[in-house]
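Residue-level listing of the chains:
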Amino acid sequence: MADVEIDNIEKTFGDHTVLKNINLKISNGEFFVLLGPSGCGKTTLLRIIAGLIDSSSGRLLIGGKDVTSLSPRQRNIAMVFQDYALYPHMTIADNIGFPLRMAKVPVAERKAKIKEVAELLRIEDYLKSKPKELSGGQRQRVAIGRALVRSPSILLMDEPLSNLDAKLRTTMRFEIRRIQRQTNLTTVFVTHDQVEAMTMGDRIAILNDGLVAQCGTPFDIFHKPESTFVATFTGSPPMNMMEGAAVTSAVGVTEKTVVGIRPKAASLTPHADAVELSAKLVATDLLGNELLVHSLVEDEPFEFYADVTERSLIRDEMKVFVPRERIYLFDRDSGKVTQMGQGY
Ligand code: ATP
């Protein structure tokens, strides 16, 4: 276990700067998520932490020690990839124990460690099987087991759930968090899936175009987005962003402002001190107790949730009410937040 300090890391490939002045501190025992769209530099940063590629400038400290020029092996880091990369001809026990065999750990110690890890991962019954006899989720557990068996100081995971189907992904999210809590292992987890990031991370760093757009707890990232990029990268559906004159004048701001409204903040029922918007119905999705309403406000898409009890208020032309305290404002040119929404 160790903390990680990413100190002014930059990476260029030819004349393409992929990472720009990255500064992050990851605490001991933290589950830290790197989130961002494809190509934003997540994997590159993870590989720099692992020592698989060199940074162009900056330093990396693990447990307070400068490891920038150390090899991957000397860093005592384990990495789990998207494809499990198991050895097909070896049993599960041999797959898990492989790093220990390479390190010439005595057989008895190796067996004890394999047993301990298999119990932690709940795969004790499969130790004699071959990888092809296991499901995707079980194989992923084996890959994690092989990473944990060497007792690394840091665990790095690069989109480890993307090859699993939706249901298994949800199960494995909780499993990985359980294992991480039990071992208290500092973990850096890369994903482009905001739900994965929100449900798993102690903290999240959102990367955009090689820069840290924001770093914080899932709660802060969702409720206190510092820019239009972060506001629209989180939430499903994401925050509605409105720039039309009717909306800006209803809110009482200049046209250089982007008005941000989370779908849950709007309602069909009148509300004291609310901004009133005129919406045109596009479609509705029934989601059990509530409906997701797709509409247009001044020709801009506007999505919000309505309670099933409000069904009769859904019309081709309808009034939507948004409490003022729940409205976010952003500067149109810089995209930076100028007023945080409140009232959650
Ligand atoms: P994804 O989610 O698609 O994997 P990512 O956020 O992990 O994306 P990276 O794989 O880190 O992004 O890539 C960031 C940028 O760096 C991309 O534009 C990519 O083309 C570029 N890049 C990565 N590795 C190299 C390399 N070895 N040589 C040149 N360019 C590279």
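The written sequence of each chain sets the order in which its residues are numbered from 1. Given that the model is predicted, a residue must reach a pLDDT of at least 70 before its local features are reported, and side-chain atom pairs must reach 80 or more before they are shown or counted; all residues, however, enter totals for whole chains, interfaces and linings. The side-chain figures draw on all heavy atoms in the structure; neither hydrogens nor water molecules are used.

Undergrad: Explain the sheet that holds strand E2 (residues 16–26) residue by residue, including any values.
TA: Paired strands are those between which DSSP finds at least two bridges. Put simply, DSSP marks the helices as runs of H or I at least four residues long and the strands as runs of E at least two long, and each gets a number from the N terminus on. Pairing is antiparallel in the open sheet, where four strands are placed in the order E2-E1-E4-E5. Among the strands making up the open sheet, the edge pair consists of E2 and strand E5 (65–66). Strand contacts of helix H1 (residues 42–50): strand E1 (4–13), E2 and strand E4 (57–62), with the helix running at about 120° to E1, the strand carrying the most contacts. Note on contacts: a residue pair is in contact if any heavy atoms of the two residues lie within 4.5 Å. Orientation is described by lines fitted to C-alpha atoms, with helices fitted over the stretch in contact, and by angles between N-to-C directions that extend from 0 to 180 degrees.

Undergrad: Tell me about the domain arrangement of the protein, residues and numbers included.
TA: Size of an interface: often given as the accessible area lost when the parts come together. Each assigned domain of the protein is listed with its residue range as follows: domain 1 (4–228) and domain 2 (236–339). For the domains described, the bounds stem from an automatic or database domain assignment. The C-alpha-based centres of domain 1 and domain 2 are spaced at 38 Å. Contact residues are listed per partner, giving seven residues for domain 1 and nine residues for domain 2. Both sides of the domain 1 and domain 2 interface together cover about 680 Å² of buried area, and 58% of this is carbon and sulfur. Here's the idea: put two parts together, see how much 1.4 Å probe accessible area each one loses, and the total over both is what we call buried area. For the domain 1 face of the interface with domain 2, the top three residues by lost area are Phe222, Pro225 and Thr228, together amounting to 61%. Any carboxyl oxygen of Asp or Glu that lies within 4 Å of a side-chain nitrogen of Lys or Arg is treated as forming a salt bridge with it. Remark: the boundary between domain 1 and domain 2 carries zero salt bridges.

Undergrad: Kindly report on the pairing of strand E6 (residues 77–80), identifying the contributing residues and their values.
TA: Exposure categories follow from relative accessible area, calculated using a 1.4 Å probe and restricted to protein chains: below 20% of the type maximum is buried, above 50% is exposed, and the middle band is partly exposed. Here E6 shows a buried face lined by Ile77 and Met79 and a second buried face lined by Ala78 and Val80. As judged from the four bridges shared by E6 and strand E7 (residues 154–158), these two strands associate in the parallel manner. Looking at E7, one finds that Val80 is bridged to Met157.

Undergrad: So what's going on with the environment of Ile77? Residues and values would help.
TA: Structurally, Ile77 can be placed in strand E6. The exposure class of Ile77 is buried, given its relative accessible area of 9%. Beyond its immediate sequence surroundings of up to four residues, Ile77 is in contact with Ile49, Ala50, Ile62, Pro72, Arg150, Pro152, Ile154 and Leu156.

Undergrad: Break down the packing of aromatic side chains for me, with residues and values.
TA: Each Phe, Tyr or Trp ring (for Trp, its six-membered ring) is paired with any other whose centre lies within 6.5 Å, and the angle between the two planes then decides the class: stacked below 30 degrees, edge-to-face above 60, tilted in between. Here the structure, examined in full by the defined rule, presents four aromatic pairs. Measuring from ring centre to ring centre gives 5.5 Å for Phe31 and Phe189, while their planes differ by 40°; the resulting arrangement is tilted. With a gap of 158 residues between them, Phe31 in strand E3 (residues 31–35) and Phe189 in strand E8 (residues 186–191) connect regions that are remote in the sequence. Judged by its relative accessible area of 0%, Phe31 falls in the buried class. Accessibility expressed as a relative area gives 0% for Phe189, which makes it buried. Its guanidinium or amino end placed over the ring of Phe222, Arg262 lies 3.8 Å from that ring's centre, counting from NZ or CZ. By the criterion adopted, a ring carries a charge over it if an Arg CZ or a Lys NZ lies within 6 Å of its centre and within 35 degrees of its normal.

Undergrad: Explain the sheet that holds strand E11 (residues 240–242) to me, and be specific about the residues and the numbers.
TA: Pairing within the open sheet is antiparallel, and its four strands lie in the order E11-E12-E17-E18. Unpaired on one side and paired on the other, E11 and strand E18 (337–339) mark the two borders of the sheet. Between one strand and the next, the sheet's axes are offset by a mean angle of 35°, whatever the strand orientation. Pairing of strand E12 (residues 257–261) with strand E17 (residues 328–331) involves four bridges; the strand directions are antiparallel. In the sheet register, Val258 faces E17, and the bridge partner there is Phe330.

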